[in-house]
Amino acid sequence: MEHAAITVKNLFKSFNGQNILNDLSLLIPRRQTTVIIGRSGDGKSVFLKHLIGLLKPDRGQILIGKDDITVLGEAALNRVRRKFGMLFQDAALFDSMTVARNVAFPLREHSRLKPKEIMEQVLFRLDQVGLNGAENKMPSELSGGMRKRAGLARALALDPEIMLVDEPTTGLDPIMTQAINQLLKETQARLNLTSVIISHDLRGAFYLAHSIVMISKGRVVAQGSPEEIKNSGDPFVRQFLEAGLEGPPEAS
Amino acid sequence: MRFLDSFLGKIGGWVLAGLNQSGGMLIFFLKSLFWLLRPPFRFRLLFRQMEFVGVKSINVVILTGLFTGAVFALQSYYGFAMFGAESLVGSTVALALTRELAPVLTSLMVTGRAGSAMAAEIGTMRVTEQIDALTAMAVNPIQYLVAPRMLAGIIMLPLLTVLTNYIGILGSYVVGVKMLDISEGIFVQNIYTYLAMTDITMGLIKAAVFGLILSVVGCYQGYVTAGGAEGVGRATTRAVVLACILILATDYFLTAVMF
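None of the values given here were measured: they were computed from a predicted structure.

Peer 1: What's the story with the overall build of chain A in this structure? I'm lost.
Peer 2: Within chain A, the secondary structure is distributed over nine helices and 10 strands. Over its C-alpha trace chain A gives a radius of gyration of 18 Å, about what one expects of a compact globule, namely 18 Å for 252 residues. Over its C-alpha atoms, taken along the principal directions, chain A stretches across nearly 55 × 45 × 35 Å. Counting all 252 residues of chain A, 52% fall into the buried class.

Peer 1: For this particular structure, what's the right way to read the sheet that holds strand β4 (residues 59-64) of chain A?
Peer 2: The strands making up a sheet associate through hydrogen bonds between their backbones, and the pairing can be parallel or antiparallel. All names here are of chain A. Spatially, four strands are ordered β2-β1-β4-β5 in an open sheet, and the strand pairing comes out antiparallel. The two strands at the open ends of the sheet, each matched to only one other strand, are β2 (18-29) and β5 (67-68). For strand β1 (residues 4-15) and β4, the ladder comprises five bridges, and the chain directions are antiparallel. Across the sheet, I6 pairs through a bridge with I64, a residue of β4.

Peer 1: Just to check I follow, could you spell out unusual backbone geometry for this structure?
Peer 2: Backbone phi values are negative for most residues with the exception of glycine, while trans is the configuration of most peptide bonds. With an omega of 0°, the peptide bond between B:P39 and B:P40 qualifies as cis. Along the polypeptide, B:P40 turns up in the loop between α1 (2-36) and α2 (43-53). Unusually for a residue other than glycine, A:D23 sits at a positive phi of about 60°. As for its placement among the helices and strands, A:D23 is situated in strand β2. What makes A:D23 partly exposed here is its relative accessible area of 33%.

Peer 1: I tried to follow the confidence of the model for chain A on my own but got confused; where do I start?
Peer 2: In low-pLDDT segments, the atomic positions of the prediction should not be examined closely. All names here are of chain A. In the predicted model, chain A carries a mean pLDDT of 90, and the fraction of residues at 70 or more is 95%. Across chain A, helix α3 (residues 99-110) holds the top mean pLDDT of 95, while helix α9 (residues 235-246) sits lowest at 78. Below pLDDT 50 for its whole length, residues 247-252 participates in six contacts with residues either more than four positions away or in separate chains.

Peer 1: Would you mind showing me how to read the nonpolar core here?
Peer 2: The nonpolar side chains of a soluble globular protein tend to be buried with one another. The biggest cluster of nonpolar side chains holds 77 residues, and the ones touching the most others in it are A:I6, A:F47, A:L51 and A:L164. For this core, the element with the highest residue contribution is helix α6 (residues 141-179) of chain B, accounting for 10 residues. If sequence neighbours within four positions are ignored, A:L164 has contacts with A:L48, A:L51, A:I52, A:F84, A:G85, A:M86, A:L87 and A:V196. Counting residues in each nonpolar core, the second largest holds 43 residues, with A:V122, A:A134, A:L172 and A:F206 among its members.

Peer 1: Would you mind showing me how to read the sheet that holds strand β6 (residues 84-87) of chain A here?
Peer 2: Residues and elements named next belong to chain A. The mixed open sheet is built from six strands, whose spatial order is β6-β7-β8-β3-β9-β10. Each edge of the sheet is formed by a strand with only one pairing partner; in this case those strands are β6 and β10 (219-224). Recorded for the sheet is a direction-independent mean angle of 20° between the axes of neighbouring strands.

Peer 1: For this particular structure, what's the right way to read helix α3 (residues 58-81) of chain B?
Peer 2: Think of an α-helix as 3.6 residues a turn; residues three or four steps apart then line up on the same face. All names here are of chain B. Between its first and last C-alpha atoms α3 spans 34 Å; for 24 residues at 1.5 Å apiece the expected length is 34 Å, and the two agree. Along α3, the positions that sit buried rather than exposed are V61, T64, G65, T68, G69, A70, A73, S76 and F80. Buried positions along α3 lie against α4 (89-127) and α6.

Peer 1: Got a minute to help me understand helix α7 (residues 184-194) of chain B in this structure?
Peer 2: Residues and elements named next belong to chain B. For α7, the set of buried residues is F187, N190 and I191. Buried residues of α7 fall within an arc of 105° about the axis and therefore sit on the same side. Where α7 is buried, its residues meet α4 and α6.

Peer 1: Just checking my understanding: could you explain the side chain of A:K148 for this structure?
Peer 2: Here A:K148 shows up in helix α5 (residues 144-156). A polar contact is formed between the side chain of A:K148 and the backbone oxygen of A:P168, at a distance of 3.1 Å.

Peer 1: Before we go on, may I ask you to explain the state of the cysteines in this structure?
Peer 2: Joining two cysteines, a disulfide is a covalent bond between their sulfur atoms. All names here are of chain B. By the definition in use, this model includes zero disulfides over all chains. Cysteine C219 is unpaired, with the sulfur of C244 as its nearest cysteine sulfur at 15 Å. A relative accessible area of 0% places C219 in the buried class.

Peer 1: How do you make sense of the pairing of β4(A) when you look at a structure like this?
Peer 2: Looking down a regular strand, the side chains alternate between one sheet face and the other. Residues and elements named next belong to chain A. For β4 and β5, the ladder comprises two bridges, and the chain directions are antiparallel. Bridge assignment links I64 to a residue of β5, and that residue is D67. The loop that links β4 with its antiparallel partner β5 comprises two residues; one of these, G65, has a positive phi angle of about 65°.

Peer 1: Where do I start with the interface of chain B and chain A in this structure?
Peer 2: Many structure descriptions define interface size as the accessible area lost when the parts assemble. Contact residues are listed per partner, giving 18 residues for chain B and 24 residues for chain A. Carbon and sulfur atoms supply 57% of the area that chain B and chain A bury against each other, a total of about 1,700 Å² over both sides. At the surface where chain B touches chain A, the tally comes to three salt bridges. Note that A:K49 is salt-bridged to B:E129, the shortest N-O span being 3.3 Å. Put simply, the parts of the chain that give the side of chain B that touches chain A at least two residues each are α2 and α5 (130-136) of chain B. For the side of chain B that touches chain A, the leading source of residues is α5(B), giving six residues. Tallied by class, residues from the side of chain B that touches chain A come to nine nonpolar, four polar and five charged.

Peer 1: I'm lost on the side chain of A:T187 in this one. Help?
Peer 2: Residues and elements named next belong to chain A. Mapped onto the fold, T187 is located in helix α6 (residues 174-191). T187 gets classed as buried once you look at its relative accessible area, which sits at 3%. Those residues within four positions of T187 in sequence are excluded, and the remaining contacts are L152, L156, N192 and L193.

Peer 1: I keep staring at the environment of B:D181 and nothing clicks. Help me out?
Peer 2: All names here are of chain B. With respect to the helices and strands, the residue D181 is situated in the loop between α6 and α7. Exposure remark for D181: the relative accessible area of 66% places this residue in the exposed category. Taking the C-alpha atoms as reference, D181 lies 9.7 Å from E86; in sequence the two are 95 residues apart.

Procedures and definitions
- For every chain, the first residue of the written sequence is number 1, and numbering continues from 1 onward in sequence order.
- Following the order in which they are written, the chains are lettered starting with A and the ligands numbered starting with 1.
- pLDDT decides what is reported in this predicted model: residues at 70 or higher carry local features, side-chain atom pairs at 80 or more are listed and counted, and totals for whole chains, interfaces and linings draw on all residues regardless.
- Here the side-chain values reflect all heavy atoms present in the structure, with hydrogen atoms and water set aside.
- Elements are defined by DSSP. Helices are runs of H or I of four residues or more, strands are runs of E of two residues or more, and each kind is numbered from the N terminus.
- A radius of gyration in this sense is built from C-alpha atoms; the matching globule rule multiplies 2.2 Å by the number of residues raised to 0.38.
- The classification of residues rests on relative accessible area computed with a 1.4 Å probe and restricted to protein chains. Under 20% of the type maximum is buried, over 50% is exposed, and intermediate values are partly exposed.
- At least two bridges found by DSSP between two strands are what make those strands a pair.
- One confidence number per residue, pLDDT, is output by the predictor and ranges from 0 to 100.
- Any two residues having at least one pair of non-hydrogen atoms within 4.5 Å are treated as being in contact.
- Residues enter a nonpolar core if they are buried and are Ala, Val, Leu, Ile, Met, Phe, Trp, Tyr or Cys, with the set joined through side-chain atoms within 4.5 Å.
- Only the contacting stretch of a helix is used when fitting its axis, a line to C-alpha atoms as for every element, and angles between N-to-C directions run 0 to 180 degrees.
- A helix is expected to span 1.5 Å for every residue after the first.
- To obtain the arc, one takes the directions from the helix axis to the C-beta atoms.
- Two N or O atoms form a polar contact when they lie within 3.5 Å of each other; inside protein one atom must be a possible hydrogen donor and the other a possible acceptor, and for residues adjacent in sequence the pair counts only when both atoms belong to side chains.
- Any pair of cysteine sulfurs within 2.5 Å is marked as a disulfide.
- Two parts placed together each lose some accessible area under a 1.4 Å probe, and the buried area is that loss summed for both.
- By definition, a salt bridge exists where a carboxyl oxygen of Asp or Glu is found within 4 Å of a side-chain nitrogen of Lys or Arg.
- We call Asp, Glu, Lys and Arg charged. Ala, Val, Leu, Ile, Met, Phe, Trp, Tyr, Cys and Pro are nonpolar, and the rest, Gly among them, are polar.

Take a look at the structure:
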């Protein structure tokens, strides 16, 4: 399919004999936000880590553009990885470096910019995520929301085509949750990114997504626009939506 | 019979876990060597680690060397005095230090200081996804984190051992000559007579091997950490215990081959 940025075909992965990804196939459209929802432990984060080669599948293919990253060697894989920016769940900032050095890190590693130009870029990126003046702070001095912003600035530093985001709002208060979701939406629209977001926050998912994918027990059970998902008759989707949007989660 | 089964099963389990661990560590070491020899060479990280492993261990090493030399002089004086050979205290201490005590004790002290810190730091980076972040940013974490630490261990341990040798002999001199009244000329002359250059160089080669062991074990235990803060604690303990045992065991085999 021409407009797919990422094509996943029949992905299998198991840990210690337990199947986490179970014949998962998926097309992720270019320049749109795809939000992947599902219950905790249903393989969402494991799936995201496969997309950037942090984990290798037992079987299956992952095409980034035309490159099947499951068969690439380290050097070729690293070339593909430079198309990505990734925001980790707890931001994964390097805690031995200041915020500025964190954001500068990918530029120092992969660009030929001079130190002064790197600093300009860093300040520009920090400004974009609303972190002016925080460049000399250490990650331990930042609040949860600020860490996410700094992580986002670092992920955007090399102008990625594809943005991977793992649970952007877990552990944040409702106001900060809304602020981060807004920032992610604006960033995607402004930079025209292909964005893949893992979440179990349904409100955020419906706010951000052009398309929603629901994963259960390691495979895709529903995919569609937010409207289609909302109106889905699938009992599992209904159960998930009703628990997430209207009441406390059902015990199982 | 059931008791025997479970007993043998346990021993088998330990053996398999041990083999698994050693195999993992060997592969990790070979990978680190591979990435050490490939550009980009990160001199800044290397120097930072050399400072951490070496320069910041100087105080610990001085104290260790001083007291080891001093107590060894005291003990050997007691033995030698029984048959009037007090003049051999200096050379005995010097030989024991350069061949054995200085490389081993220095490495054990640095394991406690720097090996444990390597495991804790890399382990924390593992559980907070910082190592995944490095990989995601197309930077090989073994090259970035492990290779500089390994090289720093290999370079700095021999240098620290030179210092321990010197301070240890100084300690024995103070005790032997200044406190126990051994003749200064004979004390020093006997060191020159009995201590050969190979004693010192072999000791330094041992130190380099121990430096490699403590850094690889520390980094490996950190790298494979799982299970949050508790996991980091376990990794740190395991790194220190395992490195110390490996250093002592390797010491025996190196001594058997070298001397």
